[in-house]
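# Observations on the three-dimensional arrangement
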Amino acid sequence: MVDQTIHQMFRQTVERFGDRKALGSRQDGAYHFYTYTEVWARVSAFRRGLWALGMRKGDRIAILSENRAEWAIADLAAQSMGVVTVPIYSTLPAAQVQYLVGDSAARILIASDKKQLAKAVEILPNVRTLEYVVAIEDPQKSLASLKIELPEEQAARVLAFEEIIQKGETTDLRDDEIDAVAASMSPDDVATLIYTSGTTGDPKGAMLTHRNLLHTGYAVREITRIDENDVFLSFLPLCHIIERTGGHYLPLSVGAQIVYSDGVFAIGNEIGEVKPTVFLCVPRLFENMQEKVAEQTAKLPDRQRKVLQWAITVGEECVRKQTDRRPIGPILAIKRAIADKLVLSKLRDKVSGGRLRFFVSGGAPLNPNTFLFFQALGVHILEGYGLTELPVICLNRPGQERLGTVGQPLPQLDVKIAADGEILARGPGLMRGYFGKPEATADAIDSDGWCHTGDIGELSADGYLKITDRKKDIIVLANGKNVAPQPIEAHLKESLFISEIVLIGDKSSAIVAIIVPAFDKLKAWAKDHELGLNDFAALMTRAETRKLYKDELDRLSIRLADFERVKRFTLVDKPFTIETGELTPTLKVKRKFIAQKYAGLIEQLVR
């Protein structure tokens, strides 16, 4: 059982590993690092600066920033004085930022660059509790470049991050009073409010304690080795519960190194440069990595392409037998050794950096073909499952991965399947409740402490969990047939021409679909067929395009029951995005929003 606060955990790490590299990022073409001792010095100064501003135990600080050292410093400073952090996705528009800052009653909003600062100063006069905006990058230069002139009263409430550090370094304030607060804190005090993604309504602030946040790290260390020699490449936003617990507090608890990514366009090079041992992400990135390998393979000379495809096929055959607990056999083992020597080892180093111990995938279902691909290369990809409310529930163990499952429950966590198929879970990671929403809390956590996940699943005899759908997403057709859309959508997205697909049909006679094309692939196809690209919206309605997508749906629906097949569909000419509202910050589809936005189209389809 975890019996520490985050502050206690971090101070122990500093004492043990003070001289080791802690937080790093690329600056001016080279990687620069803070040691654990240097991080603590900045954390200590920042918390004194916050104390001088009047922040006290139980107050709230919102952080609107990409992953960077200042994010970690602000968070650790808050945790060392009982202040609750409220992480906010940097991709959110100002209106949604205002909702989260207002709902959490945050007193300070920390903003990273000028883009985030613009949002922060826009909402500053509109949130009653918000006293200060703290800009990580120079606020005067940022505001000047944005041509924003603030009234004198508001300008005085915009401070620089380094100004808070300097205030803490030069103040006469002694640490005794703050240390006394830290000593009085309990592992069961609330450490953070992490807001749900809002797929089913307004976001709710999950109140997570120090114990909740640290449990994942301690449990993972019981099932696999993680120590000071590990290097974590931090790509998934720290607002995401997987990255917060597994890519932030876990490495900080063992003295490991964290390197912050510059984003999706840099990640390919970063994996080769940083050579991480652990990398956490959502399936979409892993699927993109697989697609890039496929694209590069297609460009190879015929003989090389056939050898590579043979090697991957041999690797996948081994993986299937291993996950089914069947012997590989001597002939296949020899083929696997040859394939590895000729092809797989080189490809493995290219996609993983050369010293990766495992990828971790969570946040959405992992495509089985992507799992097979990486495992075939010899790269462990561990699919897991958790919620904002209960960070990591299940995880596949290295060397014991099972295709199509999210693994077994973490130590000290209990999982069971309710009579209606819903997954229930409980344990030390479970949130205290939703901030200011006792009724929603009671709906989520029953009197016996079971969290009702809202997911439908199956549990094998040896404890492997398989997610089959979301409880609220189940489509009930007019004839009473139940259709689970998520696994069907995941399968149909195996088409190179489909980027997103949402199945609709509740209380209707048949399943219909909203399809977002894979625009690059569709453009290339249209060019090959000399259909013209001057009017892309018109291309969506052409008979040739409609036939392409019908053929793709038919090809991938062979194994589906007739009532599960898409009978009618429409193509949309713009991608789903966070900004336009179809996706959550974690890139999950907002079904309710899409159903409302495309209500007219859907009504025509279901007639």
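Residues numbered from 1 in each chain as written. Predicted model: local features only at pLDDT ≥ 70, side-chain atom pairs only at ≥ 80, totals over all residues. Heavy atoms only, no water.

Right, let's get into the packing of aromatic side chains. In the structure shown here, the tally under the stated rule is 11 aromatic pairs. Judged by centre distance (5.2 Å) and plane angle (75 degrees), the ring pair of F373 and F374 falls under edge-to-face. We classify F373 as buried; its relative accessible area is 4%. On the basis of relative accessibility, which here comes to 0%, the residue F374 falls in the buried class. Among the aromatic residues, those joined into a cluster by ring pairs are F235, F279, F286, F359, F373 and F374. (Phe/Tyr/Trp six-rings, centres within 6.5 Å; stacked < 30°, edge-to-face > 60°. Buried < 20%, exposed > 50% of the residue type's maximum accessible area, 1.4 Å probe, protein only.)

For the coordinates displayed, the defined rule picks out 0 disulfides. Free of any disulfide, C239 has its nearest neighbouring cysteine sulfur in C281, separated by 14 Å. As a non-bridged cysteine, C394 has C451 as the owner of its nearest cysteine sulfur, 12 Å distant. On the basis of relative accessible area, C394 is assigned to the buried category, the value being 0%. (Disulfide = S-S within 2.5 Å.)

Attention shifts here to helix α10 (residues 210-223). The end-to-end C-alpha distance of α10 is 21 Å, a good match for the 20 Å that 14 residues give at a rise of 1.5 Å each. Along α10, the helix axis deviates most sharply at T216, where the bend reaches about 25 degrees. (Helix = DSSP H or I, 4+ residues; strand = E, 2+ residues; numbered from the N terminus. Expected span 1.5 Å × (residues − 1). Bend = angle between axes of the 7 residues up to and from the residue.)

Let us now look at the packing of helix α1 (residues 6-17) against helix α11 (residues 241-254). The angle between the axes and the distance between the axes are what describe a pair of packed helices. Interhelical geometry of α1 versus α11 gives an angle of 45 degrees and a closest axis separation of 7 Å. Between α1 and α11, the angle falls in the class oblique. Mapping the contact onto sequence places I6, M9, F10, T13 and F17 in α1 and Y249, L252, S253 and V254 in α11. Here the contact of α1 with α11 is built from residues that sort into 7 nonpolar, 2 polar and no charged. (Axes fitted to C-alpha atoms, helices over the stretch in contact; angles between N-to-C directions. Parallel < 35°, antiparallel > 145°, perpendicular 65-115°, else oblique. Contact = heavy atoms within 4.5 Å. Nonpolar A, V, L, I, M, F, W, Y, C, P; charged D, E, K, R; others polar.)

As a further point, take the sheet that holds strand β20 (residues 451-459). Spatial strand order, β17-β18-β20-β21: 4 strands in an open sheet with antiparallel pairing. Each end of this open sheet is capped by a strand with a single partner; those strands are β17 (414-417) and β21 (465-470). When strand polarity is set aside, the average angle formed by the axes of neighbouring strands in this sheet is 50 degrees. Bridging between β20 and β21 involves 5 bridges; their strand directions are antiparallel. For G457, the partnering residue across the bridge sits in β21 and is I467. (Pairing = 2+ DSSP bridges.)

So, about the sheet that holds strand β13 (residues 358-361). The 9 strands lie next to each other as β2-β1-β11-β10-β12-β13-β14-β15-β16, forming an open sheet whose pairing is mixed. Each having just a single partner strand, β2 (30-35) and β16 (408-409) make up the two edges of the open sheet. Where strand β10 (residues 231-234) meets strand β12 (residues 278-281), 2 bridges bridge the pair, whose relative direction is parallel. Of the residues in β12, the one forming a bridge with F232 is V278. The sheet strands contacting helix α2 (residues 36-52) are β1 (21-27) and β2, and the helix crosses β2 at an angle near 70 degrees.

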